[in-house]
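Coordinate inspection notes
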Amino acid sequence: MRLHFEPRPTPSFAMQVLAPVAALGLTVAVGCVLFALLDLDPIETLRIFFVRPLSSANGVSEWLLKASPLILIGLGLAVGFRANVWNIGAEGMFVIGAICACGPALAFGEGGHVWLLPLMALAGAAGGVAWAAVPAFLRVRFNANEILVTLMLNYVAILLLGWLVRGPWRDPYGFNYPQTAIFGPSALFDPLVGGYRVNTSIFITLAVVAAAWVFIQWSFAGYRMTVGGAAPAAARFAGFRESRAIWLGLLIGGGCAGLAGMMEAAGPLGQLSPTISPGYGFAAIIVAFIGRLHPFGIVLGGLLLSLLYMGGESAQIMLKLPAALTRTFQGMLLFFLLAADFMIYYRPRLAGRR
Amino acid sequence: MGKDPRGQGAFLAAAAAGCAGGAMTPRLELRGISKTFPGVVANDDVSLRVMPGEIHAVLGENGAGKSTLMKIIYGAMAADRGEIFWDGEPVRIPSPAAARQLGVGMVYQHFSLFESVSVAENIAVAVDEPFDLPALSARVRELSQRYGLPLDPGRLLGHLSVGERQRVEIVRCLLQHPRLLILDEPTSVLTPQAVKRLFETLRVVAAEGCSLLYISHKLEEIRALCDNATVLRRGAVAGGADPKVASSAELAALMTGAALPETRREPARPEPAPRLEVRSLNVTSEDPFGVPLRDVSFAVHPGEIVGIAGVSGNGQTELAALLSGERTVPDKDAIRLDGEPAAHLDAGARRDRGLAFVPEDRLGRGVVPLMSLRENAILTAHRLGMVRRGMLRRFKANAYAREVIERFNVRCTGAAATARSLSGGNLQKYIVGREIALSPRVLVVSQPTWGLDVAAAAAIRQALIDLSRRSAAVLVISEELDELFEICDRILVIYEGRLSASRERGETNVEEIGLLMAGMGADPGAGMGWVAGQAMNAGEAANAGVGST
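Here the structure is a predicted model, which is why all the values come from computation and not from measurement. (Residues numbered from 1 in each chain as written. Chains lettered and ligands numbered in written order. Predicted model: local features only at pLDDT ≥ 70, side-chain atom pairs only at ≥ 80, totals over all residues. Heavy atoms only, no water.)

Another aspect to go through is the environment of G303 of chain B. Residue and element names in this part refer to chain B. Looking at where G303 falls in the secondary structure, it is placed in the loop between β12 (293-300) and β13 (305-309). The spatial distance from the C-alpha of G303 to the C-alpha of S468 is 4.8 Å, given a sequence separation of 165 residues. Apart from residues lying up to four places away in sequence, G303 is in contact with A268, R269, P270, S468, R469, S471, A472, A473 and D489. (Helix = DSSP H or I, 4+ residues; strand = E, 2+ residues; numbered from the N terminus. Contact = heavy atoms within 4.5 Å.)

The structure is reproduced here in structure tokens:
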């Protein structure tokens, strides 16, 4: 008897739904082994990781607060991924979005203006779009690999942020800390519920979820991009231009990431510091894939990854586990998800005598 | 090819069978072979007998289960039920290696060869013996001489014509001293003259006692070559026949369960102004082993069907991509639509001007494999009101897909079925149907009935004729000469990237076109013909049936 895999005639719908669940299950299982090796009670550790963070109203608030940017970035990336545009520069676009939003906020200072927040949102999104235009142009004009260009631009953006908060934008009254002044009240989103950090920017994310769904499912542009990603020769056959798909894919990804950066700066942070992102731009790649590049799936993926972030913090505090544990879990989740995805298109079969 | 002395082959086979021993033990016998795939019965209680030295045809439409049956014999697939006897002994064939051990050789329809290494090296890869290139080359030379398959073992495979590549595959099998040789649609890539040569070779092979299983859907060939035929229909044996006695119509009736459909055609009344015009198109290929097009010129008028014949790999792929707009050229005037320059326009812009195109690759080019048929309708039919203000009107796409499915009798589970779930023939009907339903002004079709069953092919040919008679300009690029003669009003031949002058169908014949396909015709047309002997090597000369032994 020998196990081998054969292609399915049609992709299994059940597996499409089950794959993320199986991936999560395997991640938890391997996590338990990991905990056991660290001499921790696996069940208790899992409870600290996945249950404790959500057992208070504040926990739920933080959960949504972290999920929001992950979902927003993931939606933008998914549009590109569907067209085989591999943007892994969302981290940099997120940072640029935060920087661009910070400009008007600092310019207005304490005074503020009713239109300041929309202006910041516009600036943030525009910043992300502009940052994404660089790899798009290089890819379309010179066929430069967008994976490398977007990846490298991440570091450029992060270094630019570091220079700004240590140099021209450093808060003169900030005891020389590398951070900007705190934004005025009109440059900040209002809390959703008094006393908790989750804020009204979550509605922007919800609106983008709906917009992304319409774009992917119902727009001709979204259809063309899906065709380009699924069968490039068919797109050429139909006369759908690849360059358009590359531009759209990267710019939408950049716009969403930039907007998420603005929401982070004008939300929980209220200022810029060198470390404004706990790796949202990279985690959103996982979110997009867990969500099967579908807007509603991405919402679930974002909530899951957000929970992993919180579980990691909770484990750090309660169990003195290293922060790298969060990344480990993210990595395992993506690894198992890609492995489980295989089962959507292939099925196992035992070859042997009948 | 139908007038070949068949008696000779039968005589030799009978002689060989006689030599093998008085008690006639079948070389191969299948009893009650069944194989089921999810939702499909590929083989249903199939029994079959092949005697030593017999050339046995396995005849059937696409999807009749021929390939599955051959895979089972070759060990590439296991049967669910049934027994296989080899020389009277029950055997199990769990793998192709085991099949080769028994003495089964297989020549696939699609070659598995490496273009960047030599003929001998290609053969060495497949032979289970120590690597000794000089010795192998000598054997290849000796063998190819004996069977009339001229082949230079030192040549780079990428430089070989398709016919020569097939010889490599056959020699590769013969080197293993097979006792049963399976050939899957071996003539689909050959000129009529090369088919004759191949048949001579096969008769010699059979006369030496090797049994042949010959898979095909071409009735004339089977009648010319085979001693016996087993006809499969929907996975089951529909009957056996003596192809020397049975008529093509009888065989077709066995195969399809119905009479052979005939195409109806009125005489063409082409309009004077050409709708598609190509003027001295010179293009190098993007593929290193591709064929550059040299000074290609022709025109297609509304109301006629023009065919481009040629053995595959002579520039058809390049020409099709250039006509469809998948590839563009800067010289605007090289291709004109309705008298307007169009060579610089991409596929979408040309479609906006009324051009439609059916590519030779179906999955992944003609359709997106994982998308449903209705989503695939949008691919080219979005111009028919399926998009409003940038938004899809999916109900329109659905209606369009259903109309195509019904009108062209596409067998599928409905408009929601993924393109990948359709059989090749049904998918082709869908793609051709989708393009015809666009009511194009110009339709370019590449290999319209490649791999299709008789009924489906006839339906598509009829649809092409009907479209042209509604004053569309239709261009068909095909390797099937019979097809071109059936539907085309004029025929041109492509050879090594050059196009011959056009010939009225009534004023030419299969022999003349066949010679042109081999680069042999002295073409008086417009100074762009080729002369016999030009750019030719010994292999191709033999390929064309000239100077043969």
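After that view of the structure, there is still more to cover.
Cysteine pairs can be covalently joined through their sulfur atoms, and such a bond is termed a disulfide. Using the criterion set out here, one finds 0 disulfides over all chains in the structure. With no disulfide of its own, C256 of chain A lies closest to C100 of chain A among cysteine sulfurs, the gap being 15 Å. (Disulfide = S-S within 2.5 Å.)

Residue and element names in this part refer to chain B. With respect to the helices and strands, the residue S34 is situated in strand β1 (residues 28-37). Given the relative accessible area of 4%, S34 is considered buried. Those residues within four positions of S34 in sequence are excluded, and the remaining contacts are N43, D44, D45, A79, D80 and R81. (Buried < 20%, exposed > 50% of the residue type's maximum accessible area, 1.4 Å probe, protein only.)

The subject of this paragraph is the domain arrangement of chain B. Residues and elements named next belong to chain B. Entries for chain B in the domain assignment read domain 1 (6-103 + 178-253), domain 2 (261-354 + 440-549) and domain 3 (366-437). Listed by partner, the interface residues are 14 residues for domain 2 and 11 residues for domain 3. With both chains or domains summed, domain 2 and domain 3 bury close to 1,000 Å², and 64% of this area falls on carbon and sulfur atoms. Counting across the interface, domain 2 meets domain 3 through 2 salt bridges. For the salt bridge of E435 with R351, the shortest nitrogen-to-oxygen distance reads 2.8 Å. On the surface where domain 2 and domain 3 come into contact, there are 4 residue pairs in polar contact (both at pLDDT 80 or more). The set of elements that each furnish at least two residues to the side of domain 2 that touches domain 3 consists of α11 (347-352) and α15 (454-469). A per-element tally of the side of domain 2 that touches domain 3 places α15 first, with 5 residues. Its residues assigned to classes, the side of domain 2 that touches domain 3 shows 9 nonpolar, 2 polar and 3 charged. (Domains from an automatic or database assignment. Buried area = accessible area lost by both parts, 1.4 Å probe. Salt bridge = Lys/Arg side-chain N within 4 Å of Asp/Glu carboxyl O. Polar contact = N/O pair within 3.5 Å; in protein donor to acceptor, adjacent residues only side chain to side chain. Nonpolar A, V, L, I, M, F, W, Y, C, P; charged D, E, K, R; others polar.)

Turning our eyes to something else, we now look at the sheet that holds β1 of chain B. The strands that make up a sheet are held in pairs by hydrogen bonds between backbone atoms, and each pair lies either parallel or antiparallel. Residues and elements named next belong to chain B. Strand order in the open sheet made by the 4 strands is β2-β1-β4-β5, with antiparallel pairing throughout. Looking along the sheet, the strands with just one partner apiece sit at the ends: β2 (40-50) and β5 (89-91). Pairwise comparison of adjacent strand axes, ignoring direction, gives a mean angle of 30° for this sheet. Of the strand pairs in this sheet, β1 and strand β4 (residues 81-86) are connected by 5 bridges, and their pairing is antiparallel. (Pairing = 2+ DSSP bridges. Axes fitted to C-alpha atoms, helices over the stretch in contact; angles between N-to-C directions.)

Residues and elements named next belong to chain B. Counted by the stated rule, this structure contains 40 salt bridges over all chains. Here R27 and D87 are joined by a salt bridge, their closest N and O atoms 3.4 Å apart. With R27 in the loop between α1 (6-19) and β1 and D87 in the loop between β4 and β5, this residue pair connects regions lying 60 residues apart in the sequence. Note that R490 is salt-bridged to E304, the shortest N-O span being 2.7 Å. Of this pair, R490 sits in strand β21 (residues 490-495) while E304 sits in the loop between β12 and β13, and the two are 186 residues apart along the sequence. We note that R490, like E304, is buried. What emerges from the salt-bridge pattern is a single network uniting E326, E360, D361 and R365.

A separate point is the packing of helix α7 (residues 202-218) of chain A against helix α10 (residues 242-269) of chain A. Residue and element names in this part refer to chain A. Interaxial distance between α7 and α10 falls to 12 Å at its minimum, and their mutual angle equals 170°. Put simply, α7 runs roughly antiparallel to α10. On α10, the residues that touch I204, T205, V208 and F215 of α7 are L248, I252, C256, L259 and M263. Partitioning the contact of α7 with α10 into residue classes produces 8 nonpolar, 1 polar and no charged. (Parallel < 35°, antiparallel > 145°, perpendicular 65-115°, else oblique.)

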